[in-house]
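So the chains spell out like this:
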Amino acid sequence: MINRILIRIKVIQMLYSFMLTRSDFRVMEAPAKKTRDAKFAYEMYLDTLLLILKLSGRKISPKDNVALPTAAIVVPAIQNAKMVTSLSSNTELQELSVKYNRDLSQYEDCIRYLIDEVTDSAAAKDYIKKRKRTLAEDVDFWVVMLQTILLKDEKFIEAARRNDDFTIAGFEAGINMAVETLRNFYDVKSALVNSRKNLQESLEQAYKLYAGLLMLPADITRLREEQLEAAKEKYLPTAEDLNPNLKFVNNEFVKAIGESRSLEEYLKENPFSWDNDYFLVKDLLDSILKSDIYAKYMEIKGTYFQADCEFWRNLFKDVILPSDSLAEALESRSVYWNDDVNIVGTFVLKTVRRTATDAAQRLELMPMYKDEEDAFFGEKLFVEAINNADSYRELIDRFINDAQWDSERIALMDIVILTAAIAEILNFPSIPVPVTLNEYIEIANYYSSPRSGQFINGMLFSIINYLRENNQLEKPFDSKK
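A quick note: this is a predicted structure, and the numbers were derived from the prediction, not measured.

Participant: Honestly, the packing of aromatic side chains in this entry has me stumped. Any pointers?
Facilitator: Working definition: an aromatic ring pair is given by the centre-to-centre distance plus the angle between the planes. Counted under the stated rule, the structure contains 21 aromatic pairs. On the numbers, 6.0 Å between centres and 90° between planes, the contact of Phe248 with Phe311 is edge-to-face. Placement of the pair is Phe248 in the loop between α12 (239-242) and α13 (252-258) and Phe311 in helix α17 (residues 305-320), with a sequence separation of 63 residues. Across the pair, exposure class does not vary: Phe248 and Phe311 are buried alike. Here the aromatic rings of Phe377 and Phe428 are separated by 5.0 Å at their centres, their planes lie at 70°, and the arrangement is edge-to-face. Placement of Phe377 in helix α20 (residues 372-387) and of Phe428 in the loop between α22 (412-427) and α23 (433-447) is noted, with a sequence separation of 51 residues between them. Members of the aromatic cluster, connected to one another through ring pairs, are Phe40, Tyr107, Phe156, Phe166 and Phe171. Directly above the aromatic system of Tyr113 lies the positively charged group of Lys155, at a separation of 4.6 Å from the ring centroid. Cation over ring: Lys380 sits above Phe428, and NZ or CZ is 4.9 Å from the ring centre.

Participant: Looking at this structure, I do not really get the pattern of salt bridges. What am I missing?
Facilitator: Between side chains of opposite charge, a pair can form when the charged atoms approach closely. Under the defined criterion, the tally for this structure stands at 20 salt bridges. Between Arg102 and Asp47 there is a salt bridge; the shortest N-O distance is 2.9 Å. Of this pair, Arg102 sits in the loop between α5 (91-99) and α6 (111-119) while Asp47 sits in helix α2 (residues 36-55); the two residues are 55 residues apart in sequence, bridging distant segments of the chain. Accessibility expressed as a relative area gives 2% for Asp47, which makes it buried. One salt bridge in this structure joins Arg362 and Asp358, with 3.6 Å as the shortest N-O distance. In the salt-bridge network here, residues are joined through shared partners; they are Lys39, Glu43, Asp47, Arg102 and Asp165.

Participant: Sorry, what's going on with the side chain of Arg8 here?
Facilitator: If you trace the backbone, Arg8 turns up in helix α1 (residues 4-21). Residue classification places Arg8 among the buried residues on the basis of a relative accessible area of 3%. There is a polar contact of 2.9 Å between the side chain of Arg8 and the side chain of Glu424.

Participant: Explain unusual backbone geometry here, please?
Facilitator: Here Asn101, not a glycine, exhibits a phi torsion of approximately 55°, which is positive. Within the secondary structure, Asn101 is located in the loop between α5 and α6. Backbone geometry at Asn471 places phi at a positive 55°, although glycine is not the residue there. As for its placement among the helices and strands, Asn471 is situated in the segment after α24 (452-469).

Participant: So what exactly am I meant to see when it comes to helix α16 (residues 292-299) here?
Facilitator: Every α-helix carries 3.6 residues per turn, so stepping three or four residues along brings you back to the same face. Those residues of α16 that sit buried are Ile293, Tyr294, Tyr297 and Met298. Buried positions in α16, seen along its axis, are confined to an arc of 120° and lie on one side of it. α16 presents Asp292, Lys296 and Glu299 as exposed residues on the side facing more than 90 degrees away from its buried surface.

Participant: Is there a simple way to think about the packing of α2 against α6 in this case?
Facilitator: In helix packing, the relevant descriptors are the interaxial angle and the interaxial distance, both defined with respect to the helix axes. It is the contact of α2 with α6, at a shortest axis distance of 10 Å, that shows an interaxial angle of 75°. Judged on the interaxial angle alone, α6 and α2 are roughly perpendicular. Between α2 and α6, the contacting residues are Leu51, Lys54 and Leu55 on the first element and Ile111, Leu114, Ile115 and Val118 on the second.

Participant: Help me out: how do you make sense of the environment of Asn445 in this one?
Facilitator: When you line up the elements, Asn445 lands in helix α23. Owing to a relative accessible area of 42%, Asn445 belongs among the partly exposed residues under this scheme. Separated by 347 residues in sequence, Asn445 and Val98 have C-alpha atoms that sit 40 Å apart. A polar side-chain atom of Asn445 sits 3.4 Å from the main-chain amide nitrogen of Gly453.

Participant: Which parts of the structure should I look at to understand the packing of helix α15 (residues 278-289) against α17?
Facilitator: Where α15 contacts α17, the axes come no closer than 11 Å and their chain directions differ by 110°. Put simply, α15 runs roughly perpendicular to α17. Packed against α15, whose contacting residues are Leu284, Ser287 and Ile288, the element α17 presents Trp312, Leu315, Val319 and Ile320 at the interface. Among the residues making up the contact of α15 with α17, the classes are represented as 6 nonpolar, 1 polar and no charged.

Participant: Any chance you could explain the nonpolar core here in plain terms?
Facilitator: The biggest cluster of nonpolar side chains holds 110 residues, and the ones touching the most others in it are Tyr210, Ile220, Phe248, Trp312 and Leu460. Looking at this core, the element that brings in the most residues is helix α11 (residues 188-232), giving 16 residues. With residues near it in sequence (within four places) discarded, Phe248 still touches Ile220, Thr221, Arg224, Leu285, Ile288, Tyr294, Tyr297, Met298, Phe311 and Trp312. Ranked by size, the runner-up nonpolar core spans 53 residues in total, among them Leu46, Leu104, Met145 and Val179.

Participant: I keep staring at the side chain of Asn90 and nothing clicks. Help me out?
Facilitator: Checked against the element boundaries, Asn90 lands in the loop between α4 (82-88) and α5. A distance of 3.1 Å separates a polar atom in the side chain of Asn90 from the backbone nitrogen of Glu92.

Thresholds applied
Residues numbered from 1 in each chain as written. Predicted model: local features only at pLDDT ≥ 70, side-chain atom pairs only at ≥ 80, totals over all residues. Heavy atoms only, no water. Phe/Tyr/Trp six-rings, centres within 6.5 Å; stacked < 30°, edge-to-face > 60°. Helix = DSSP H or I, 4+ residues; strand = E, 2+ residues; numbered from the N terminus. Buried < 20%, exposed > 50% of the residue type's maximum accessible area, 1.4 Å probe, protein only. Lys NZ or Arg CZ within 6 Å of the ring centre and 35° of its normal. Salt bridge = Lys/Arg side-chain N within 4 Å of Asp/Glu carboxyl O. Polar contact = N/O pair within 3.5 Å; in protein donor to acceptor, adjacent residues only side chain to side chain. Arc of directions from axis to C-beta. Axes fitted to C-alpha atoms, helices over the stretch in contact; angles between N-to-C directions. Parallel < 35°, antiparallel > 145°, perpendicular 65-115°, else oblique. Contact = heavy atoms within 4.5 Å. Nonpolar A, V, L, I, M, F, W, Y, C, P; charged D, E, K, R; others polar. Core = buried A, V, L, I, M, F, W, Y, C linked by side-chain atoms within 4.5 Å.

Below, the structure is given as structure tokens:
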């Protein structure tokens, strides 16, 4: 039931939330108290963060033209680490460095020495051996480097003393502040666990919505039965009250809902009802009774199972799913459902149509996933997008046309959509490139700004061509090849 269209949308929703709320590097503000210790500690703190970049072989700012010392060996594994990449792109650090005039010039004569100390350390050798280094491992490595080298190295301490405000207390406090910033940076384990859990919960909620929508005809019919019974008890009932047309309440599709074993078993494990939504059920019933669909159905003589199914299929399509009352009720029940109802609604319609052709007149829930591959598609796509977010962002930035687009002002949703699309293109060889391209352009048109579809289209074409030219993508663009 849950297809890849819905899974992609769920992944993008979770990615957007994840990237919007993750902490990244939150550079500390300057202390309110301007004591000598506090002043030097903050300058030392900024210097330490900048030194991580310099010792990794990175520029400390876009205007940094100071070359690394001759023969300094920068290890690619350290230079290209996810943590270093994120720190390098932190504009707040760059702005504060300018504001407080931090340029590392006082450490110029010991940069090469420190690079050697870092790269020759036992911790570095263990770190470099790892095939895949997580962000948590990047952080742990640099925390160890700060605590065992910068905090204790006499040559480095002497270079720090060139600052007129130097104090040993400020020196230690500044490096420890940097350690705290690294440790607070993006608790990858818990963040990923929570996001993956939320992704799975969101997909399970979509399936619950599917089952819940299929229950609505039974609840609406039950309310109509109660109304007809109450009409008979009126003080002066009319002939129509005493002898009502029962075609609606005797609908065979509604009977199939009540007898559905698969729906009953699902609800036993996942309780759901509309009992607390009386006004929703009544509003839907009122809308149905006023509809042409109802009027035409009630005029037909006799009962036919296929016609009964088609009647409810038309009601779902034209009355129930577009209902504002349904949208309000869903919003109050789950944060996921308002975005889900259009896609989940198509599976409700498909289930009704399939029920109409069942020889035994049974309603069977569609399975949650088509196959095992689909069941793991969402989690794998999400994890690949998160694990490679920084490198994918570099790829995105490479093709942004500065004349048309300001990279700093591109909507986060567009970046998220591009990130998910690149993850799918590179990590799912069985999915044709045109399928991925079309799906994410459609998602951009629906979820982001009016120009997003055009932007996503142009960016993905450029990225796909680049990946192919650099032998990073072997899938043909034409799915027929």
